[in-house]
Structure formats: structure tokens, C-alpha cells
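# Understanding the architecture of this molecule
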Amino acid sequence: MPNASASPQSASGTYATDYHAPVMATEVCAGLITTPTGCYVDATAGGGGHTEALLDALAPEGCVVAIDQDPEALNAVRDRLPDAVKANRLHLVRGNFRALPRLLRDAGFAEVDGLLLDLGVSSHQIDEPERGFSFQAEGPLDMRMDPEGRLTARTIVNEWGHGDLADVLRRYGEERYAGALATAILEARPLDTTADLAGAIRDDVPDHVVTKTLARVFQGLRIAVNGELDALESVLEDSVTVLPTGRRIAVLSYHSLEDRRAKRFLRYGNFDGTPKRDLYGTLIAPFAPIDASPQTATDAEIEANPRARSARLRIAERQSTEEMGPPMP
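Description of the structure in this document.

How each quantity is defined
- The numbering scheme is per chain: residues are counted from 1 as the chain's sequence reads.
- Given that this is a predicted model, residues contribute local features only at a pLDDT of at least 70 and side-chain atom pairs are listed and counted only at 80 or more, while totals for whole chains, interfaces and linings are drawn from all residues.
- Remark: hydrogens and water are excluded; side-chain values derive from all non-hydrogen atoms of the structure.
- Whether two strands pair depends on DSSP finding at least two bridges between them.
- A run of DSSP states H or I qualifies as a helix once it reaches four residues; a run of E qualifies as a strand once it reaches two. Both are numbered from the N-terminal end.
- Here an angle of 0 to 180 degrees is reported between the N-to-C directions of two axes, which are lines fitted to C-alpha atoms, with helices fitted over the stretch in contact.
- Any two residues whose heavy atoms approach within 4.5 Å at even a single point are treated as in contact.
- Every case where a carboxyl oxygen of Asp or Glu lies within 4 Å of a side-chain nitrogen of Lys or Arg is listed as a salt bridge.
- Accessibility here uses a 1.4 Å probe with only protein chains present; expressed as a share of the type maximum, an area under 20% marks a residue as buried, one over 50% as exposed, and anything in between as partly exposed.

### Here's the deal with the sheet that holds strand S7 (residues 312-318)
Taken together, the seven strands give an open sheet; going across it, the order is S3-S2-S1-S4-S5-S7-S6, and neighbouring strands pair in mixed fashion. Sheet topology places strand S3 (90-94) and strand S6 (287-289) at the edges, where each strand pairs with a single neighbour. Averaged over all pairs of adjacent strands, the angle between strand axes in this sheet comes to 20°, irrespective of strand direction. Relative to strand S5 (residues 248-253), strand S4 (residues 114-118) is paired through five bridges, and the arrangement is parallel. From the neighbouring strand, Leu115 faces S5, where its bridge partner is Ile249. Along the sheet, helix H13 (residues 256-268) contacts S5, S6 and S7; its crossing angle with S7, the most-contacted strand, is approximately 20°.

Here it is in C-alpha cells:
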């Protein structure tokens, strides 16, 4: 269990900065850490809030591998935790967690004692207009989490055909009127800024649904630009190879597309949600969920950090091949 002398704080406390406020830091550390001298992975380091919380909760021999594809995020972690880097308790790795086994090997690890996936976009990325993630401030239509990535939101809205654009809004934004919105975007071309895109949407939907519609459109484009759902499925599958029996994975998701995939994989070991059982009726799944339902942020944390409202935390423990139960009733 975590070091009793360390007590991770809520978003309003020690681990929140102007860069990012980590969600459910206390719950993540309490649920994820099984051996305080082990090595844990924060696969989406962001501003380093969860990374610092994990380091504080671990024994002095414990360490954290902090991974992020955004160099700004890693620089923020390095500036925040220089002593941990110097003491070799914190290993900073740039890359997309879809390549988790390779990134860990490059850092000198084949297996680890716990894996945290804090999905979605960081507060810093949302709040920086030049990153193009938010419709609430004007900036370029970018949305790349990795600034060296080739695909941008500007390319999608200006160059993709109606069918492909509508598919992005429908599949990744869960937008009911994806076809009509795709038409509105095509008719408004060229679109160069987030304000241009928001204006095209506002002109085509009733005022009382504008905000939610914009949120869905921007979510859909962001997921497409960064290949987020494919990356999530890859890292969940790879987690089986880097976590030994008895070690845990924690997934913080912020919308149903992420949470549905995490829920199905951690419960059934696949993404279609179909239980697979052996000849004895035993469920074949590499993980066993710690709780039947996801954890959510407290009212106090949501008041301090409204972005925590939609968060769902799922924690599961790696099972051995002999323990893939429970048996079918």
C-alpha cells in the first residue's frame, strides 16, 4: 500500500498548478500502488501532477516513468521535479503511449508495477489558444498533442470530403447531426482558425445547443487528429505485457468513447464487450476490476476543478492465467 506518510491532495491542493490540475490524485495513488518500492508509469504526464503524487506516495526506493508526446509537458515536469530527476526516481520519456513497450525498454524497463492512463487533453493545452483545442478562444486549427504530427484539424475541415468529415463528427464527436454540420463546414471553407470553425457551426444550430455542439465537434476533430482511440486500444492491449500478476492499471477517462473501451477491456479483455470463457466456464480476461463501478470526483474537487466533473476512474488488477475467473454461474 502507499506510504502512510504521504497524502496526495485534491485538485485544490498541492498537486494543482497553472499548467494542469490532476484529477483524483488521492484515489489514483491509493488504488494503483501495491508495492511502494516499485516503478510506476504515468503514461500521460501532462504537468506532472499525478507524477508528483505518485512519487510522494512511494517509498524513497520507488520511481516513476513519466511519458508524454508533448515536449512542453515534459519540460514542465522536469522544471517541477528536478530533484526527482537528479535522484533517478523520475525518468522522463517523450513519445505516444501507443508504443509503450518500446518506450519502457528505451528507459531500461521490461515490466513495471503500475500503469496510469489519464486520457484526454490537459488544461494547459486547452487554455493555450495557439494549440487550437478550444472554441472559446481564437487560434489556429491545429489540435496536435504532438507538435511534430502531420495531421491537423485545419487539414480535416478544409480538405476532407463530406463523408469522411461527417464520419469523424459522428464516430468521435458522437454528433447526431454530423451530416448537416459537415455540409455547413464545407460551405464555409476555407477555415483557418478556431473562430472560423465555431462561426460556421453557430450559424447552423439553435442557440440553446451551440455550446454542446461545438464541444462535440472539437472533440471529434481532436480525437481524429491524434488517433486517440486507436492509441488507447493499443496501450490497453500492451499493458498485459508490461504488468506482472498482481499489479494494477488505472484509467481516467472523460467521455463515453474512452470509458467504454476501458470498461470492456478491463472487464472482458476485449473491446466488443463479449465475455469469453473456457471449457470450464471461467472468464478469460487478463484483468479483474477492483470495483464494479468507476470512481468519480468528490463535490469538493469538482468545485475546485470543474473539468473533473466528467472524469471516471477505473482500476483493475492483472491476473495470472490460473486466476482468470470468476466461473460462470
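### What about the pattern of salt bridges?
Counting across every chain of the model gives 17 salt bridges. Residue Glu228 pairs with Arg222 through a salt bridge whose shortest N-O separation is 2.8 Å. The residues Glu228 and Arg222 share a single accessibility class, namely buried. Where salt bridges share partners, they join Asp70, Glu72 and Arg131 into one cluster.

Scope: geometric values only; no functional claims are made or implied.
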